[in-house]
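Spelled out from the first residue to the last, the chains are:
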Amino acid sequence: MTTTPAQLLASQKASLDAMLAAQYTLFNGLEQLVDLNLKVAKAVLDDTSEKVQEFITTEDPREGLTVLAATVQPSPEKFLAYSKQVYNIMSGVQSHLGKLTETQIAEAQKQLTEMLEQVSKYAPAGSENLVGLIKSSLSSLQAMYDSFAKAARQVAVVTESNIAAATAATLDAAEESSKAGAARANRRAAAAAPAASA
């Protein structure tokens, strides 16, 4: 029942490895977010530069106003794509951390079961009922944890499908809104053109 230095060292190494794996996962997620944000910033700069160049070179005022309106109008499709990528990164980090946690819980349960077996070997006569009660409680706790973990995984799947459906509906609504906004901008440009030429 006593812990040997080798067992203690192995336990500490396993704990350190788990901590490092969690830190690596978090750092990797942060790195992905920074990379995504840099790519988005570069794309915004490129797009803005292109639109400004296009605006400067237009000769028709209506066309210039249309280009200008398109430059300042946010793109819901791009925002939703960005949001989806952020969600995927965060979901991957959370999933990996969940797997690490499950591994740690399984290892802790294994160690607790081994310790309980050692205790039961050296327990005084008449304590079998107490050891059986502890084993039964441990089994019940494990079953409860398994059902919670299963429910959490099901919630994650349902949430993922709901997000996909909401994203599709939002993209459809954004496309309709974008078309309506473009039509308004064209009407304004058409109305402003005669005033500008007068």
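Because the structure is predicted, anything quoted here is derived from the model rather than measured.

A.B. asks: What is the right way to look at the overall build of the chain in this model?
C.D. replies: Check the secondary structure of the chain and you find four helices and zero strands. Each helix and strand of the chain, placed in order from N terminus to C terminus, yields the pattern α-α-α-α. Relative to the 2.2 N^0.38 estimate, which gives 16 Å for 198 residues, the radius of gyration of the chain is 30 Å and therefore markedly larger than a compact globule would have. A total of 198 residues make up the chain; the buried ones form 12% of that total. At a minimum sequence separation of 6, the contacts of the chain that also span at least 24 residues come to 81%.

A.B. asks: Would you mind going over the pattern of salt bridges with me for this structure?
C.D. replies: Should the charged atoms of two oppositely charged side chains come close, the side chains can pair. Under the definition given, this model contains five salt bridges. Put simply, D46 and K42 hold a salt bridge, and the shortest N to O gap is 3.0 Å. Here D46 pairs with K42, and both are found in helix α1 (residues 5–57), just four residues apart, close to one helical turn.

A.B. asks: Help me out: how do you make sense of α1 in this one?
C.D. replies: Helical geometry note: an α-helix holds 3.6 residues per turn, so side chains three or four residues apart project in the same direction. In a regular helix each residue adds 1.5 Å, so 53 residues correspond to 78 Å; α1 covers 77 Å between its end C-alpha atoms and thus fits that length. As for α1, its buried residues are in contact with α3 (76–122).

A.B. asks: Please clarify how a negative patch on the surface should be interpreted in this entry.
C.D. replies: Taken together, the side chains of E50, E54, E59, D60 and E63 present a region of like negative charge at the surface. Position of E59 relative to the elements: it lies in the loop between α1 and α2 (61–72). Look at E59 and you get exposed, because its relative accessible area is 80%.

A.B. asks: Sorry if this is basic, but what is going on with the packing of α1 against α2 here?
C.D. replies: Helix-helix packing: each pair is described by the crossing angle between the helix axes and the interaxial distance. It is at 9 Å that the axes of α1 and α2 come closest, and there the two elements cross at 165 degrees. It follows that α1 is roughly antiparallel to α2 by the angle criterion. Where α1 crosses over α2, the two elements pack in a sense that is left-handed. Taking contact as the criterion, the partners of K51, E54 and F55 in α1 are, on α2, G64, V67, L68 and T71. Grouping the constituent residues of the contact of α1 with α2 by class yields three nonpolar, two polar and two charged.

Here is what the cut-offs are and how they apply
- Sequence order as written defines residue numbering, which begins from 1 separately in each chain.
- Where totals are concerned, whole chains, interfaces and linings use all residues; where local detail is concerned, this predicted model gives features only for residues with pLDDT of at least 70, and gives and counts side-chain atom pairs only at 80 or more.
- The side-chain quantities take in all heavy atoms of the structure and omit both hydrogens and water.
- Each helix corresponds to a stretch of at least 4 residues labelled H or I by DSSP, and each strand to a stretch of at least 2 residues labelled E; elements are numbered beginning at the N terminus.
- Just to be clear, the radius of gyration here is over C-alpha atoms, and the globule rule we use is 2.2 Å times residues to the power 0.38.
- Exposure classes here rest on a 1.4 Å probe applied to the protein chains alone. A residue is buried below 20% of its type maximum, exposed above 50%, and partly exposed in between.
- Residue contacts are counted whenever heavy atoms from the two residues lie within 4.5 Å of one another.
- Salt bridges are defined by distance alone: a side-chain nitrogen of Lys or Arg within 4 Å of a carboxyl oxygen of Asp or Glu.
- The span you would expect from a helix comes to 1.5 Å times its residue count less one.
- Two joining distances apply to patches: 9 Å for like charges and 5 Å for nonpolar side chains (Val, Leu, Ile, Met, Phe, Trp, Tyr), and every residue must have over 30% relative accessible area and no salt bridge.
- For every accessible area listed, the method is Shrake-Rupley and the probe measures 1.4 Å; residues are considered covered only by the protein chains on display.
- Asp and Glu count as negative and Lys and Arg as positive, but His and the ends of the chain are not part of the count.
- Charge coordinates come from a single atom per side chain, which is NZ of Lys, CZ of Arg, CG of Asp or CD of Glu.
- Fitted lines through C-alpha atoms give the axes, limited to the stretch in contact for helices. The angle between two N-to-C directions lies from 0 to 180 degrees.
- Roughly parallel refers to an angle under 35 degrees, roughly antiparallel to one over 145, roughly perpendicular to one between 65 and 115, and oblique to any angle outside these ranges.
- In this scheme the handedness of a crossing depends on how the near helix is turned from the far one: anticlockwise by less than a right angle means left-handed, clockwise means right-handed.
- Classes in brief: Ala, Val, Leu, Ile, Met, Phe, Trp, Tyr, Cys and Pro nonpolar; Asp, Glu, Lys and Arg charged; the others, Gly included, polar.

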